[in-house]
Amino acid sequence: MPKGRFAPSPTGRMHLGNVYAALLSWLSAKSKGGEWVLRIEDIDTARSRQEYADMIMNDLEWLGLTWDGEVTYQSRRQDIYEHFFNLLRKDGLLYPCFCSRADLLAAQAPHEADGRVVYKGTCRDMNPTEYPQGITPAWRIRVPDKTIETTDGHYGAYRVHLPIEIGDFIVRRKDGAFAYQLAVVVDDLMMAITEVVRGRDLLLSTPQQLFMAQTLKELDTKNSFQEVRYTHFPLLINEAGQRLSKRDRSLDMGVLREQHSAKEIIGFIAHLAGITPTTEPITPQELISIFAWEKVPKRDVRVKGEM
């Protein structure tokens, strides 16, 4: 059975962009007769709050975006991440990285102007006798000289050369916390997720996660893991051309719930997503039969002012 997921971070109240993501993910799964599960990505314990997780769940239920089964919390899955981290380390795929953020930025190439820092492998071949004393390292995974070819469910085929465009990436931070690229892949595999629907800003994460998933499958042959299909959608942007965020207070769910009904919010988002011709109020259930990815635009969608 198809199985999708929505995986918000509880670092604040949901806004219109979060609901847009939740609705598209929900519709993609439900239109195939599948399940839709909720995972609270609270692995960043310094910024995550249970009160925000409770707000997210309350807002989703109020909107009619109900999930299947129990809610999963990343903060309660540390032992699982540790298991897979140890598998990678025992196989010699990880190495300690002592570089500071300043070191990384200083080595950034001019063409990496989009904010990504492709790691140059400074610590990759460092001899243990050269390890600096008194510094706790992060841990990186060695990426092979390999090109990942994949087909996105909305944007189509593309290819990424791992060492040039991605580089060795962190799987565990210096503070001991497991990095997103490890935790999210482990969760999707262990939860038998078959489709991941998310914003196009995470498009370049897909090759990393495909590589990580394949590597973990090869190391843990006891489990029968599902294949995951990735589908990305255009972002909602404000009048300044910036992605909607918690800074856009007028589109915060607290404000929206005071001024609009659940049907009005869903109707507005469905129109932005190209599913309906107007912003007429509607429920998520009523959208299932008319949802199709072919209707969703590929360019980012501008939200002008308030809803």
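Residues numbered from 1 in each chain as written. Predicted model: local features only at pLDDT ≥ 70, side-chain atom pairs only at ≥ 80, totals over all residues. Heavy atoms only, no water.

Asks: Describe the overall build of the protein, naming the residues involved and giving the relevant values.
Replies: In terms of helices and strands, the protein carries 10 helices and 12 strands. A globule of 307 residues ought to have a C-alpha radius of gyration of about 19 Å, and the protein, at 20 Å, matches this closely. Taking the principal axes of its C-alpha atoms as reference, the protein extends roughly 65 × 45 × 40 Å. For the protein, contacts bridging at least 24 residues in sequence account for 77% of all contacts bridging at least 6. (Helix = DSSP H or I, 4+ residues; strand = E, 2+ residues; numbered from the N terminus. Rg over C-alpha atoms; globule rule 2.2 N^0.38 Å. Contact = heavy atoms within 4.5 Å.)

Asks: Outline the pattern of salt bridges, supporting the account with residue identities and numerical values.
Replies: Per the stated rule, a full pass over the model turns up 18 salt bridges. A salt bridge links Asp300 to Arg200, with the shortest nitrogen-to-oxygen separation between them at 2.5 Å. Of the two residues, Asp300 is situated in the loop between helix H10 (284-287) and strand E12 (301-302) and Arg200 in the loop between strand E9 (195-199) and helix H7 (205-219); the sequence distance between them amounts to 100 residues. Among the salt bridges present, the one from Arg243 reaches Asp201, with a minimum N-O distance of 2.3 Å. Of this pair, Arg243 sits in the loop between strand E11 (236-237) and helix H8 (253-259) while Asp201 sits in the loop between E9 and H7, placing them 42 residues apart in sequence. With relative accessibility at 37%, the residue Asp201 sits in the partly exposed group. (Salt bridge = Lys/Arg side-chain N within 4 Å of Asp/Glu carboxyl O. Buried < 20%, exposed > 50% of the residue type's maximum accessible area, 1.4 Å probe, protein only.)

Asks: So, the pairing of E9: which residues are in play, and what are the values?
Replies: Among the 5 residues in E9, 5 count as buried, and that is most of the element. Relative to strand E10 (residues 229-233), E9 is paired through 5 bridges, and the arrangement is parallel. Its bridge partner being in E10, Val197 is matched across the sheet by Thr231. Note on the crossover from E9 through H7 to E10: the handedness is right-handed. (Pairing = 2+ DSSP bridges. Right-handed = clockwise from strand over helix to strand, strands pointing away.)

Asks: I'd like a rundown of the environment of Asn223, residues and numbers included.
Replies: Structurally, the position occupied by Asn223 is in the loop between H7 and E10. Within the structure, Asn223 has its side chain in polar contact with the side chain of Asp220 (distance 2.8 Å). (Polar contact = N/O pair within 3.5 Å; in protein donor to acceptor, adjacent residues only side chain to side chain.)

Asks: If you had to explain the environment of Gly167 to someone new, which residues and values would you point to?
Replies: Structurally, the position occupied by Gly167 is in the loop between helix H5 (162-166) and strand E8 (169-172). In this structure the C-alpha to C-alpha distance between Gly167 and Val118, which are 49 residues apart in sequence, comes to 5.2 Å. Excluding residues that lie within four positions of it along the chain, Gly167 makes contacts with Val118, Tyr119, Val143 and Leu162.

Asks: Please set out the packing of aromatic side chains residue by residue, giving values where relevant.
Replies: The tally for this structure, following the rule as stated, stands at 8 aromatic pairs. Considering the side-chain rings of Phe169 and Phe211, the 6.4 Å spacing of their centres and the 85 degrees angle between planes classify their relative orientation as edge-to-face. Here Phe211 lies in helix H7 and Phe169 lies in strand E8, a separation of 42 residues in the sequence. The two residues Phe169 and Phe211 agree in class, both being buried. Grouped by ring-pair contacts, the aromatic residues Tyr81, Phe85, Trp139 and Phe178 constitute a single cluster. For the cation-ring pair, Arg76 lies above Tyr73, with the distance from its terminal atom to the ring centre recorded as 4.0 Å. Arg140 extends its terminal NZ or CZ atom over the ring of Tyr119, reaching a point 3.7 Å from the ring centre. (Phe/Tyr/Trp six-rings, centres within 6.5 Å; stacked < 30°, edge-to-face > 60°. Lys NZ or Arg CZ within 6 Å of the ring centre and 35° of its normal.)

Asks: Could you give an account of the confidence of the model for the protein, naming the residues involved and the relevant values?
Replies: Looking at the protein, pLDDT values average 92 and 93% of them are 70 or higher. A low-confidence stretch, residues 107-113 (pLDDT under 50), is modelled with 7 contacts involving residues beyond four sequence positions or located in other chains. (pLDDT = per-residue confidence, 0-100.)

Asks: Could you give an account of the side chain of Arg172, naming the residues involved and the relevant values?
Replies: You can see Arg172 is positioned in strand E8. Of the polar contacts made by the side chain of Arg172, one reaches the side chain of Glu82; its length is 3.1 Å. Excluding anything up to four places from it in sequence, Arg172 contacts Glu82, Phe85, Ala138, Trp139, Ala177, Phe178 and Ala179.

Asks: Explain the nonpolar core to me, using residue names and the numbers behind them.
Replies: In terms of nonpolar packing, the biggest core is built from 46 residues, with Leu16, Leu24, Trp36 and Leu60 touching the most fellow members. Taken together, the elements giving at least two residues each to this core come down to helix H1 (16-30), strand E2 (35-40), helix H2 (50-63), H8 and helix H9 (262-272). Leave out the neighbours within four places in its chain, and Leu60 touches Phe6, Met14, Ala22, Trp36, Leu38, Leu65 and Trp67. In this structure, Phe85, Leu162, Leu182 and Met212 belong to the second largest nonpolar core, which totals 28 residues. (Core = buried A, V, L, I, M, F, W, Y, C linked by side-chain atoms within 4.5 Å.)

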